[in-house]
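Architecture and fold: a report
Each chain is listed here by its residues.
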Amino acid sequence: MAAGRGAELLRPPTSSGRATFLELFFDLAFVVALTRVSQRFAGLGDDTGWALVMGFGRTLLLFLALWLIWSHTAWITSRYEPEQPIIQAVVVGTMFASLIMAVTLPRAMEERALPFAVAYLMVMVVRPLVVAVALRGHPRRLVPFRLVVWALASAPLWLTGALGPDHLRLPLWIVALAVDYLAWTLGWPLPWLGVSKVGRWRIAGTHLADRYQQMFLIALGESILVIGVVFSGADYSAGRAAAFTVAFATSALLWRIYFYRAGLLLTEAFGRAGMPGRLGALSERTHLLIVLSVLVTAVGYELVIDHPFGQPRPSWLLFVVGGPMLFLVARMRLEYEIFGKASRPQIIGLAALVLVTPVLTRWAPMVGLSVVAAVLAVVALLGALRRRGQSQEVPASPIGQEASGDRDSEA
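Residues numbered from 1 in each chain as written. Predicted model: local features only at pLDDT ≥ 70, side-chain atom pairs only at ≥ 80, totals over all residues. Heavy atoms only, no water.

Per an unreviewed UniProt entry, the chain goes by Low temperature requirement protein A and derives from Micromonospora trifolii.

And the structure:
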């Protein structure tokens, strides 16, 4: 009987694969969060050497904490029915905590460390407790219980880092976040209970694919916001107008390269997978890199629009060229996940960017962004020509094709 009462929270096989309006509402908090991450990255434009490395590392850590919150939520709504009141309450509560993390993020490594850490821990500890209680006697309650135990293990590191000396905050939080990510990767192992690998979880795979696509579009939307805000706030000039145009074209090319054709067929690939959880686990890491690459590229837009023909600074290439390079690496990984093969146009584009980067250190930022846009245009064109006249491709992912019955009993 208890298992039956808890089972009402599970997503039925007939549930729609589309995201609910509540989930789209939840994403609004991450529009704010990604904007704040981008602003922190942009503040590194004048840094060099070790200061640049440390500043980038701090911001990356905060982004990874936010990503863990968002991706866990996406998995929750792919495993449990989002129309259930308790799941809706969980999502709204997570949204509020995420918004606190977003507004404290600009100074989260300084005087706002405590509210950032507390908001993060409220999600990581309280949310799985609520889900576990709501599941009552259902066997799946052991999964959120595992999350609680591991979150409590890393909580002292988060709190000590927030309350302790400033110079210890970064190393303590690095270890804490590593514990949280390692726990997810290993399946939250516990004595006597074993592990619960996410690759064996029963999920609505098409829903999870939909959420990944939406997060990519949110990141692209943030880049468009950066382009518009920076250009509208600067003195108008032909150089800034040209940078504005090239930046928009670059974002459009990122959209084109992602969705043609692997990104477009992501949902179908999940639908064909016998174990969509396994494909979802790998695709989650891929989309982490894709979203990060778009955010880094957006910082490059801001720097170039502000100073299109200023003195070249090698550190700017981290954003102007490094972001698109990371995007192509992640996109090649996505190509393998969907089709089981590498993409030659993206390999060519990545090689071209690697070869041209040393030369761009001597040219104005506008030249660097223009070269990046040209390379991405070639990648998009080669991809289209390569499939011209061929029959419609279908997903042939080598991931998650095991028999659907090969799962953990509590999954």
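Now, onward.
1. Notes on the nonpolar core
If you look at the biggest cluster of nonpolar residues, it comprises 131 residues, and the most contacted ones within it are Phe30, Phe41, Phe63, Tyr120, Trp158 and Trp173. Per-element accounting of this core gives the leading share, 15 residues, to helix α3 (residues 49-79). Discounting residues that sit within four places of it in the chain, tryptophan 173 has contacts with Leu61, Leu62, Ala108, Met109, Ala113, Phe116, Ala117, Leu157, Trp158, Gly161 and Ala162. (Core = buried A, V, L, I, M, F, W, Y, C linked by side-chain atoms within 4.5 Å. Buried < 20%, exposed > 50% of the residue type's maximum accessible area, 1.4 Å probe, protein only. Helix = DSSP H or I, 4+ residues; strand = E, 2+ residues; numbered from the N terminus. Contact = heavy atoms within 4.5 Å.)

2. Points about a nonpolar patch on the surface
Taken together, Leu114, Val118, Met122, Val126, Val130, Leu159 and Leu163 make up a surface patch of nonpolar side chains, about 540 Å² in accessible area. Taken together, the elements giving at least two residues each to the nonpolar patch come down to α5 (113-135) and α6 (142-163). Considering every element that reaches the nonpolar patch, the biggest residue donor is α5, with five residues. Its location among the elements puts leucine 114 in helix α5. (Patch = residues over 30% accessible without salt bridge, like charges linked within 9 Å, V, L, I, M, F, W, Y side chains within 5 Å. Areas by Shrake-Rupley, 256 points an atom, 1.4 Å probe, with all protein chains shown as cover. Salt bridge = Lys/Arg side-chain N within 4 Å of Asp/Glu carboxyl O.)

3. Brief notes about the packing of aromatic side chains
A full pass over the atoms with the stated rule returns 19 aromatic pairs. Arranged with centres 5.2 Å apart and planes meeting at 35 degrees, the rings of tryptophan 67 and tryptophan 70 form a pair that is tilted. Here the residue tryptophan 67 and the residue tryptophan 70 both occupy positions in helix α3, the gap between them amounting to three residues, near one helical turn. Of the two residues, tryptophan 67 and tryptophan 70, both sit in the buried class. With a centroid separation of 5.2 Å and 50 degrees between ring planes, the pair formed by tryptophan 158 and tryptophan 173 is classed as tilted. (Phe/Tyr/Trp six-rings, centres within 6.5 Å; stacked < 30°, edge-to-face > 60°.)

4. Looking at empty space enclosed by the protein
Empty space left among the atoms is revealed by rolling a probe the size of a water molecule over them. The final tally for this structure, using the stated rule, is four cavities of 30 Å³ or more. The computed volume of the largest cavity comes to approximately 170 Å³. Together, 14 residues line the largest cavity, and His72, Ile76, Tyr80, Leu147 and Trp201 are the ones closest to its centre. Mapped onto the lining of the largest cavity, the elements with two or more residues apiece are α3, α5 and α6. Of the residues forming the lining of the largest cavity, the biggest block, four residues, is contributed by α3. Each pocket or cavity is described by its volume, and for the second largest cavity that value is around 100 Å³. Tyr260, Gln346, Val379, Gly383 and Arg387 are, among the 13 residues lining the second largest cavity, the residues nearest its centre. Of all elements in the fold, only α9 (238-263), α13 (322-339), α14 (344-360) and α15 (365-386) reach the threshold of two or more residues within the lining of the second largest cavity. At four residues, the largest contribution of residues to the lining of the second largest cavity is made by α15. The residue makeup of the lining of the second largest cavity, split by class, is five nonpolar, three polar and five charged. (1 Å grid on protein atoms, 1.4 Å probe; cavity = no way out; pocket = protein on both sides within 12 Å on 5 of 7 lines; lining within 4 Å. Points joined across faces, edges and corners; volume = space filled by probe spheres on them. Nonpolar A, V, L, I, M, F, W, Y, C, P; charged D, E, K, R; others polar.)

5. Some points on the side chain of threonine 357
Position of threonine 357 among the secondary structure elements: in helix α14. Within the structure, the side chain of threonine 357 is placed 2.5 Å from the backbone oxygen of leucine 353, a separation counted as a polar contact. (Polar contact = N/O pair within 3.5 Å; in protein donor to acceptor, adjacent residues only side chain to side chain.)

6. A short note on the pattern of salt bridges
Taken as a whole and assessed by the stated rule, the structure comprises 12 salt bridges. Glutamate 111 serves as the salt-bridge partner of arginine 107, at 3.1 Å between the closest nitrogen and oxygen. You can call arginine 107 partly exposed: its relative accessible area is 37%. Exposure remark for glutamate 111: the relative accessible area of 55% places this residue in the exposed category. Between arginine 331 and glutamate 335 there is a salt bridge, and its shortest N-O distance comes to 2.6 Å. Within this pair, arginine 331 and its partner glutamate 335 are both found in helix α13, separated by four residues, close to a single helical turn. Residue arginine 331 is classed as buried on the basis of its relative accessible area of 1%. A cluster of three or more residues bridged by salt bridges with shared partners is formed by Arg40, Arg107, Glu110 and Glu111.

7. Some words on the environment of leucine 369
Locating leucine 369 in the fold gives a position in helix α15. A relative accessible area of 2% means that leucine 369 is categorised as buried. For the pair leucine 369 and alanine 281, spaced 88 residues apart in the sequence, the C-alpha separation amounts to 33 Å.

8. A word on the packing of α3 against helix α7 (residues 166-186)
Put simply, α3 and α7 touch, their axes get as near as 11 Å, and they point 30 degrees apart. When the interaxial angle is binned, α3 and α7 end up roughly parallel. Like other packed secondary-structure pairs, α3 and α7 cross with a definite hand, here left-handed. Two secondary-structure elements touch here, α3 through Met54, Arg58, Leu61, Leu62, Leu64, Ala65, Trp67, Leu68, Ser71, His72 and Trp75 and α7 through Leu170, Trp173, Ile174, Leu177, Asp180, Tyr181 and Trp184. When the residues that make up the contact of α3 with α7 are grouped by side-chain class, the tally is 14 nonpolar, two polar and two charged. (Axes fitted to C-alpha atoms, helices over the stretch in contact; angles between N-to-C directions. Parallel < 35°, antiparallel > 145°, perpendicular 65-115°, else oblique. Left-handed = near helix turned anticlockwise from the far one by under 90°.)

9. Thoughts on unusual backbone geometry
In this model, tyrosine 260 is joined to arginine 261 through a cis peptide bond whose omega is -5 degrees. For arginine 261, the position within the fold is in helix α9. The residue arginine 136 is not glycine, and still its phi comes out positive at about 55 degrees. Checked against the element boundaries, arginine 136 lands in the loop between α5 and α6. A relative accessible area of 39% places arginine 136 in the partly exposed class. Even without being glycine, tryptophan 188 reaches a positive phi, approximately 50 degrees. On the secondary structure map, tryptophan 188 appears in the loop between α7 and α8 (205-233).

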